[in-house]
Structure formats: C-alpha cells, structure tokens
Amino acid sequence: PKYSLQHVIYEAQTMRSKYSILRYDPTTDQFTSYYYKHERWVTGCYKLMHSLSALTVLLRTIFPKRFTPNSPEFVMGVSSGDYPAMTDQECLYRDQDEPCDLSGGLKAPVLHFGSVFRKAMFPNMIAMPMPGEHLDCFVKWSISKEVCAQFQPIE
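Residues numbered from 1 in each chain as written. Predicted model: local features only at pLDDT ≥ 70, side-chain atom pairs only at ≥ 80, totals over all residues. Heavy atoms only, no water.

Next up on the list: unusual backbone geometry. The backbone of Asp29 shows a phi angle near 55°, a positive value even though the residue is not glycine. In this structure Asp29 comes out as partly exposed when scored by relative accessible area, which is 28%. In this structure, Lys145 takes a positive phi of about 60° despite not being glycine. With respect to the secondary-structure elements, Lys145 resides in the segment after α4 (133-144). (Buried < 20%, exposed > 50% of the residue type's maximum accessible area, 1.4 Å probe, protein only. Helix = DSSP H or I, 4+ residues; strand = E, 2+ residues; numbered from the N terminus.)

Let's shift gears to the side chain of Glu11. With respect to the helices and strands, Glu11 occurs in helix α1 (residues 5-12). Lys107 is the oppositely charged side chain nearest to the buried, salt-bridge-free Glu11, at an N-O distance of 4.4 Å. (Lys, Arg positive; Asp, Glu negative; His and termini not counted. Salt bridge = Lys/Arg side-chain N within 4 Å of Asp/Glu carboxyl O.)

On to the packing of aromatic side chains, then. For the coordinates displayed, the defined rule picks out five aromatic pairs. Consider the rings of Phe31 and Phe67, whose centres lie 5.2 Å apart with planes at 50°: the pair is tilted. Here Phe67 lies in the loop between α2 (45-62) and β3 (74-81) and Phe31 lies in strand β2 (residues 30-34), a separation of 36 residues in the sequence. The rings of Tyr24, Phe31, Phe67 and Phe74 are connected pair by pair, giving a single aromatic cluster. It is Arg66 that lies over the ring of Phe67; its NZ or CZ is 5.1 Å from the centre. (Phe/Tyr/Trp six-rings, centres within 6.5 Å; stacked < 30°, edge-to-face > 60°. Lys NZ or Arg CZ within 6 Å of the ring centre and 35° of its normal.)

Okay, α4 next. The end-to-end C-alpha separation of α4 is 16 Å, in line with the 16 Å expected for 12 residues at 1.5 Å each. Where α4 is concerned, the buried positions are Leu135, Cys137, Val139 and Ser142. Looking at the packing, one finds that the buried side of α4 touches α2 and β4 (110-114). Following α4 by one or two positions, Lys145 has its phi on the positive side, about 60°. (Expected span 1.5 Å × (residues − 1). Contact = heavy atoms within 4.5 Å.)

With that settled, consider the pattern of salt bridges. Within this structure, the stated rule accounts for four salt bridges. Its salt-bridge partner being Asp29, residue Arg60 comes within 3.3 Å of it at the nearest N-O pair. Of this pair, Arg60 sits in helix α2 while Asp29 sits in the loop between β1 (19-25) and β2, and the two are 31 residues apart along the sequence. Take Arg60: its relative accessible area is 31%, and that puts it in the partly exposed class. A salt bridge links Lys140 to Glu146, with the shortest nitrogen-to-oxygen separation between them at 3.9 Å. Each of Arg23, Asp25 and Glu73 takes part in a single network of salt bridges with overlapping partners.

So, about the packing of α2 against α4. Put simply, α2 and α4 touch, their axes get as near as 10 Å, and they point 20° apart. With respect to α4, the element α2 is oriented roughly parallel. Remark: the crossing between α2 and α4 carries left-handed chirality. Residue-level contacts link His50, Ser51, Ala54, Val57, Leu58, Thr61 and Ile62 of α2 to Leu135, Asp136, Phe138, Val139, Ser142 and Ile143 of α4. Tallied by class, residues from the contact of α2 with α4 come to eight nonpolar, four polar and one charged. (Axes fitted to C-alpha atoms, helices over the stretch in contact; angles between N-to-C directions. Parallel < 35°, antiparallel > 145°, perpendicular 65-115°, else oblique. Left-handed = near helix turned anticlockwise from the far one by under 90°. Nonpolar A, V, L, I, M, F, W, Y, C, P; charged D, E, K, R; others polar.)

Looking now at the state of the cysteines. For the structure on display, the rule yields one disulfide. Across the disulfide, Cys137 is cross-linked to Cys148 (sulfur-sulfur distance 2.2 Å). On the sign convention where negative is left-handed, the bridge of Cys137 and Cys148, at about -125° about the S-S bond, is left-handed. Taken as a pair, Cys137 in helix α4 and Cys148 in the segment after α4 lie far apart in primary sequence, 11 residues in all. (Disulfide = S-S within 2.5 Å.)

Written out as structure tokens, the structure reads:
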C-alpha cells in the first residue's frame, strides 16, 4: 500500500522522542532528516542520528537506481533507541495480544533501530539492527560483502 508524507507525519504523534522523518529530495539528490522541535532531545537521539546516517548509506548502496535525480521523492519514519518511546504508555502497560491502535487505517512504516516489542503492538514498526556494532557491520557487509571481525567464527 502507498502512504504519504501526511501518514509519516502522523506517526510522529505516536512517539515521545527519538523519531525522525527521512526525506529524499531528487532535485538536490540529498537525504534530509526532520526532528520535531517540541520532542525531547534525549541521549538516545544520538543513536537515532547514527541510524539515519547508516540508513542513507544502506539505501544508496542497496537501491542505487531508486535514489537518483530522476527518481520520485521518498519519505519514511525512523526511530531508534533501546526501546521504542511510544506515547500510548497505557496500552503498553495493559500488555495485550492485539495492536494498540485498532483503527485499521493506513499506517506508514516506521523503521526502528533498536529493541522492539515481542508482540505486534505497533504492527507498522519494523525491527532493524541495533545502532552501533550491529548496524555498522550491516553497512560494512552491504558495501564490501565482508563480515566484521567480531562476528567471525573463533578458530
């Protein structure tokens, strides 16, 4: 399903912090990240910045034909941190087996770099590698097809 910038902006309301909108502008051939100025800037935001930087490298490496000056605009939601900083804390405390939002409307995907919930409480949240060693090794693999030393078998 297609989603729009409005859907991505709406997802910002579901997060307390550590959420950014990543936009690719083909007229400048650049990625830009937008962070809501009223959201708290917490130490986990450094993980978000690292994740955004790595994600832009991954997108250009894995999908080189998609991100060119002749491509359409691209936008997506990205969050990061040790855990997703959701605004609906009440739903989290109930620990249900169903999603927190039962509206059934179209949701923009949110790539979350870090730990996610075991249950699909937010089905549009997609687990991504943990920022730091795991994500850096993922980037290294995408560029050079080399496995990082820390993930090599011990001989």
